[in-house]
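Observations on the model geometry
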Amino acid sequence: MRKIQLLMLFVLSAIIFQGCKKDVVTSASTTSDQILAATINGTSWIPDDVTATITYDAATKTKSFDVVGTADLKRVKWTITLSDAASATNVNTFPLSTYKVDATDRVKMAYYTAPGGINYDQVGTVEPGSGTIIVTSIDPSKNVITGTYSMTTKKVNYDDDGNIASIETSQILGGTFTNLPYTFSSK
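A short note on the sheet that holds strand β12 (residues 164-181)
- Here we have 6 strands laid out as an open sheet, ordered β3-β2-β12-β11-β10-β7, and antiparallel in their pairing. At either margin of the open sheet sits one strand with a lone partner, and together these are β3 (43-45) and β7 (97-100). Mean inter-strand twist for the sheet, computed between neighbouring axes without regard to direction, equals 20 degrees.
- Of the strand pairs in this sheet, strand β2 (residues 36-40) and β3 are connected by 3 bridges, and their pairing is antiparallel. Of the residues in β3, the one forming a bridge with Ala38 is Trp45.

Spelled out as structure tokens, the structure:
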């Protein structure tokens, strides 16, 4: 029994250490390989290229939080734009809250693929009620932000007569951003 426990411990350790090999390119330095992750259509996805920015625009008095993650010919992108005076301030932070895709342009979420390996094409749209970003913590002294996200995209395909031929959906579920480094700018 002791040999089986040791063998299981060895296998588990090997799996954990194997998963720690992937490097991540971000807009700020980091050592974590899962600063951004999700399950896309049932498959685990961890981007190897991630950028995150919080931008205050003095002319429009808006603040936006933008994230783009890319790996394996897949890209996830979102933007949250705040325009209310209490939230859209010229400080290096972002309000902790739940942000949902609705009929306004306040929250935009998108999923892209590069079927030819060169250009990324948006896969359907995220309709109102089909996408959520939850900002759970932010540390403006370290410029890192944490939360969760999910979205479902929908693409309607029509035949030559204008009838619906098929509907394609893509699910980006269980998304997390953990101590995601961001840059702050004011323009």
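Back to the write-up after that little detour.
A short note on the pattern of salt bridges
- All told, the structure shown has 1 salt bridge when counted by the stated rule.
- The partner of Glu127 in a salt bridge is Lys154, with the nearest N and O atoms 3.7 Å apart. Remark: Lys154 occurs in strand β11 (residues 144-158) and Glu127 occurs in the loop between β9 (121-122) and β10 (131-139); sequence separation between them is 27 residues.

Describing the pairing of β12
- Pairing of β2 with β12, which is carried by 4 bridges, proceeds in the antiparallel orientation. Bridge pairing links Thr39 to Leu173 in β12.
- As paired strands, β11 and β12 are joined by 13 bridges and run antiparallel to one another. Paired with Val156 across the strands is Ile167, a residue of β12.

Observations regarding the side chain of Thr55
- As for its placement among the helices and strands, Thr55 is situated in strand β4 (residues 49-57).
- Looking at Thr55, its side chain comes within polar contact range of the side chain of Ser185, at 3.5 Å.
- With residues near it in sequence (within four places) discarded, Thr55 still touches Thr62, Lys63, Ser64, Ser185 and Lys187.

Observations concerning the nonpolar core
- One finds Phe65, Trp78, Tyr149 and Phe177 to be the most contacted residues of the largest nonpolar core, which totals 34 residues.
- Contributing elements (two or more residues each) for this core: β2, β4, β5 (62-71), β6 (74-82), β8 (107-113), β10, β11 and β12.

As for the packing of aromatic side chains
- All chains considered together, the criterion is met by 6 aromatic pairs.
- Centre to centre, the rings of Phe65 and Trp78 are 6.2 Å apart; their planes meet at 75 degrees, and the pair counts as edge-to-face. Of this pair, Phe65 sits in strand β5 while Trp78 sits in strand β6; the two residues are 13 residues apart in sequence, bridging distant segments of the chain. One exposure class covers both Phe65 and Trp78, and it is buried.
- Between Phe94 and Tyr99, the ring centres sit 5.8 Å apart and the planes meet at 55 degrees, which makes this aromatic pair tilted. One exposure class covers both Phe94 and Tyr99, and it is buried.
- By way of ring pairs, the aromatic residues Phe65, Trp78, Phe94, Tyr99, Tyr149 and Phe177 are connected into one cluster.
- Over the ring of Tyr120 we find Arg75; its NZ or CZ atom is 4.0 Å from the centre of that ring.

Rules of the game
Along each chain, numbering runs from 1 in the same order as the chain's sequence is written. Owing to the predicted nature of the model, reporting of local features is limited to residues with pLDDT of at least 70; listing and counting of side-chain atom pairs is limited to 80 or more, with chain, interface and lining totals taken over all residues. Based on all heavy atoms of the structure, the side-chain values leave hydrogens and waters out of the count. Following DSSP output, two strands are said to pair if at least two bridges run between them. Strands are runs of DSSP state E lasting at least two residues, helices are runs of H or I lasting at least four, and both sets are numbered from the N terminus onward. The angle between two axes is taken between their N-to-C directions and runs from 0 to 180 degrees, where each axis is a line fitted to C-alpha atoms and a helix contributes only its stretch in contact. The term salt bridge refers to a side-chain nitrogen of Lys or Arg lying within 4 Å of a carboxyl oxygen of Asp or Glu. A 3.5 Å cut-off defines polar contacts: any pair of N or O atoms within that distance qualifies, except that in protein one atom must be a possible hydrogen donor and the other a possible acceptor, and neighbouring residues in sequence count only when both atoms are side-chain atoms. Residue contacts are counted whenever heavy atoms from the two residues lie within 4.5 Å of one another. Nonpolar cores were defined as sets of buried Ala, Val, Leu, Ile, Met, Phe, Trp, Tyr and Cys residues, with membership established by side-chain atoms within 4.5 Å. Throughout, exposure labels follow a simple rule: accessible area from a 1.4 Å probe, protein chains only, divided by the maximum for the residue type, with under 20% read as buried, over 50% as exposed, and the rest as partly exposed. The rule is short: rings of Phe, Tyr and Trp, with Trp giving its six-membered ring, pair when the centres are within 6.5 Å, and they are stacked under 30 degrees, edge-to-face over 60, tilted in between. We call a charge positioned over a ring when the NZ of a Lys or the CZ of an Arg lies within 6 Å of the ring centre and within 35 degrees of the ring normal.

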